[in-house]
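Structural description and commentary
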Amino acid sequence: MATEQKYFQKGFQLKTVVGPVLAANYHSTVVERLKEFGYAARAGDVRLRLAREFGFCYGVDRAVEYAYETRAQFPDRRIFLSGEIIHNPDVNGRIEKMGIRLLSEAADPVTRYAEVQKEDVVLLPAFGVTVAEMEHLRGKGCVMVDTTCGSVLNVWKNVHYYARDGFTSVIHGKYYHEETKATASQALTHPGGHYLCVRDRAETEVVCGFIRGEVASEAFAEKFRSAMSPGFDPARDLTRIGLANQTTMLMSESLEIQEMLRAAMRDRHGEAELPRCFRAMDTICSATQDRQDAVLRMLDEGGLDLMIVIGGYNSSNTQALARICSEKLPTYHIKGPEGIVDAEEIRHRPVGHGNEAATAAWLPAGPLSIGLTAGASTPNNVVGEVVERLLALRGRKTDELQPAAPPK
Ligand code: SF4
């Protein structure tokens, strides 16, 4: 009897089956029109500019397609999704409506996958899962459909090499983010492997301070209690370090963090020793970088009054886009069209804050130029609905849109 295949990483070649459903769910004619008009359009006194790279990235596209293919391939099986497939409430909601159950996060795999049985199917998200979760699921004997993005796998490979070569992985990322947790777990696959997660420049300053002998072990341990591998000893584990990133962080900040740590290691060990104690590779994915570059170009071109950044509040790459924009313009990071309550109120996530806030009198009167971008997990239909809502505030409809040249 043939053994049932239990692990799938390349989908089920059902694109022709799920393609029409995906198009019906996520396509937007408004977005297509904006693209046809060269990403700049106007209706009445409202001008809209859309960043040239925005929305679904290759990894998310693939993960969402595999989720739909999995439903088609296993119509009679229970399907579980380990957390959110991507950080977008609209997409996760549609997936749940197909009868795929989202499992909530838990400290350990036994709790998280308690309900999963041998005959069930588990979808693994684009940002991957930890080594421990993977092993636990293998042990259960269930079918796994792994949608981990190739760019995330590339980071894992680097972290793996660091651990193999006796380097501690210093990961620029949020220690509680699924991708960073999964990446960090790769550092423990070699005996003696360690990791440390740093979120931003301020945290990196503390690490640099320790390396230079200016910060005590106790203060270090207090600061990074939740962000370092078990048994981490900074005196031992920060003597050889390798840099990696969560793929969706702010590129400019990642490079700065890299330089800060390089300088600290040079101060401590000397220039000649640097190749033996410091490694770095840029693991920001190209989709994240393209979206950040596109929004920077749009901001540099000028002529905008405000920015709308669309994406899940827990989406790191959307947060990074909002941060870039907020340095230049009033910026509103909204989950979707429901954030635009009316011309008097917008509900959004202010940059650097965890919770949603309401801002009043956000929409200036008179002629208006609005810039738009969306994180890598935001589908076009959501972008299109936001455009509709924005135009409606000024009594305009999407079929009134006409091409508008971007500023020279
Ligand atoms: S943001 Fe980058 S790493 Fe994440 S799924 Fe998209 S392409 Fe992959």
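The rules behind the values
Residues numbered from 1 in each chain as written. Predicted model: local features only at pLDDT ≥ 70, side-chain atom pairs only at ≥ 80, totals over all residues. Heavy atoms only, no water. Core = buried A, V, L, I, M, F, W, Y, C linked by side-chain atoms within 4.5 Å. Buried < 20%, exposed > 50% of the residue type's maximum accessible area, 1.4 Å probe, protein only. Helix = DSSP H or I, 4+ residues; strand = E, 2+ residues; numbered from the N terminus. Contact = heavy atoms within 4.5 Å. Pairing = 2+ DSSP bridges. Axes fitted to C-alpha atoms, helices over the stretch in contact; angles between N-to-C directions. Near = heavy atom within 4 Å. Phe/Tyr/Trp six-rings, centres within 6.5 Å; stacked < 30°, edge-to-face > 60°. Lys NZ or Arg CZ within 6 Å of the ring centre and 35° of its normal. Polar contact = N/O pair within 3.5 Å; in protein donor to acceptor, adjacent residues only side chain to side chain. Parallel < 35°, antiparallel > 145°, perpendicular 65-115°, else oblique. Nonpolar A, V, L, I, M, F, W, Y, C, P; charged D, E, K, R; others polar.

1. Observations regarding the nonpolar core
Of all hydrophobic cores here, the largest spans 34 residues; its most connected members are Leu-196, Val-207, Phe-220, Phe-224, Leu-238, Ile-241 and Leu-261. Counting residues per element, the ones that place at least two in this core are helix 7 (150-164), strand 8 (168-172), strand 9 (195-198), helix 9 (201-211), helix 10 (217-224), strand 10 (241-245), helix 12 (251-269) and helix 13 (274-277). Beyond its immediate sequence surroundings of up to four residues, Ile-241 is in contact with Phe-167, Thr-168, Val-170, Ile-211, Leu-261, Met-265, Cys-277, Phe-278 and Arg-279. With 30 residues, the next largest nonpolar core counts Val-31, Ala-41, Val-382 and Val-387 among its residues.

2. Overview of unusual backbone geometry
Backbone geometry at Gln-13 places phi at a positive 55°, although glycine is not the residue there. If you trace the backbone, Gln-13 turns up in the loop between strand 1 (7-8) and helix 1 (15-26). Taking the relative accessible area as the measure of exposure, Gln-13 reaches 67% and is therefore exposed. The backbone of Tyr-39 sits at a positive phi, close to 70°, despite the residue not being glycine. Topologically, Tyr-39 is positioned in the loop between helix 2 (29-36) and strand 2 (40-43).

3. Remarks on the sheet that holds strand 14 (residues 340-342)
Pairing is antiparallel across the open sheet formed by 3 strands, whose spatial order is 14-15-16. The open sheet has two edge strands with one neighbour each: strand 14 and strand 16 (357-360). Neighbouring strand axes in the sheet, compared pairwise and without regard to direction, differ in orientation by 20° on average. The pairing of strand 15 (residues 345-348) with strand 16 spans 4 bridges and is classified as antiparallel.

4. Brief notes about the site of the ligand
The local shell around the ligand consists of Cys-57, Tyr-58, Gly-59, Val-60, Cys-149, Ser-151, Val-152, Thr-247, Thr-248, Cys-285, Ala-287 and Thr-288. Listing elements by their share of the shell around the ligand, those giving two or more residues are helix 3 (58-73), helix 7 and helix 14 (286-301).

5. Thoughts on the sheet that holds strand 5 (residues 100-103)
Strand order in the open sheet formed by 5 strands is 1-7-6-4-5, and the pairing between neighbours is parallel. Each edge of the open sheet carries a strand with a single partner, namely strand 1 and strand 5. Across 4 bridges, strand 6 (residues 121-124) lies against strand 7 (residues 143-146) in parallel orientation. The residue of strand 7 that forms the bridge with Leu-123 is Val-145. Relative to the sheet, helix 3 contacts strand 4 (79-82), strand 5, strand 6 and strand 7, its axis offset from that of strand 6 by approximately 170°. Helix 6 (residues 131-140) rests against strand 1, strand 4, strand 6 and strand 7 of the sheet, and its axis sits at about 145° to strand 7.

6. Re the side chain of Ser-185
Along the chain, Ser-185 falls in helix 8 (residues 178-186). When its relative accessible area of 13% is taken as the criterion, Ser-185 is described as buried. Not counting residues up to four positions away in its chain, the partners in contact with Ser-185 are Thr-130 and Val-131.

7. So, the environment of Ala-358
Relative to the assigned elements, Ala-358 resides in strand 16. Judged by its relative accessible area of 45%, Ala-358 is partly exposed. Here the alpha-carbon distance between Ala-358 and Gly-339, two residues 19 residues apart in the chain, equals 8.9 Å. Ignoring sequence-local partners within four residues, the contact set of Ala-358 consists of Glu-345, Ile-346 and Arg-347.

8. Here's the deal with the packing of aromatic side chains
Overall, the coordinates contain 10 aromatic pairs when judged by the stated rule. Ring centres 4.8 Å apart and planes at 50° place the aromatic pair Phe-8 and Phe-12 in the tilted group. Given a relative accessible area of 14%, Phe-8 falls into the buried group. A residue is classified by how much of its surface remains accessible, and Phe-12, at 10% relative accessible area, is buried. Taking the centre distance of 5.9 Å and the plane angle of 50° together, the rings of Tyr-26 and Phe-56 count as tilted. In this pair, Tyr-26 sits in helix 1 while Phe-56 sits in the loop between strand 3 (46-50) and helix 3, placing the two residues 30 residues apart along the sequence. Across the pair, Phe-56 and Tyr-26 agree in class, each one buried. Taken together through their ring pairs, the aromatic side chains of Phe-210, Phe-220, Phe-224 and Phe-232 make up a single cluster. Taking NZ or CZ as reference, Arg-279 lies 4.3 Å from the ring centre of Phe-167, over its face.

9. Quick notes on the side chain of Glu-253
Topologically, Glu-253 is positioned in helix 12. Judged by its relative accessible area of 3%, Glu-253 falls in the buried class. Polar side-chain contacts of Glu-253 include one of 3.1 Å to the side chain of His-172. Those residues in contact with Glu-253 that sit more than four places away from it in its chain are His-172, Arg-199, Asp-200, Arg-201 and Arg-323.

10. Considering the packing of helix 9 against helix 12
In helix packing, the relevant descriptors are the interaxial angle and the interaxial distance, both defined with respect to the helix axes. For the pair helix 9 and helix 12, interaxial distance at closest approach is 9 Å and the crossing angle is 10°. As summarised for this structure, helix 9 and helix 12 are arranged roughly parallel, according to the angle between their axes. Of the residues in helix 12, those touching helix 9 at Arg-201, Thr-204, Glu-205, Val-207, Cys-208, Phe-210 and Ile-211 are Glu-253, Glu-256, Ile-257, Met-260, Leu-261, Ala-264, Met-265 and Arg-268. By residue class, the composition of the contact of helix 9 with helix 12 is 9 nonpolar, 1 polar and 5 charged.

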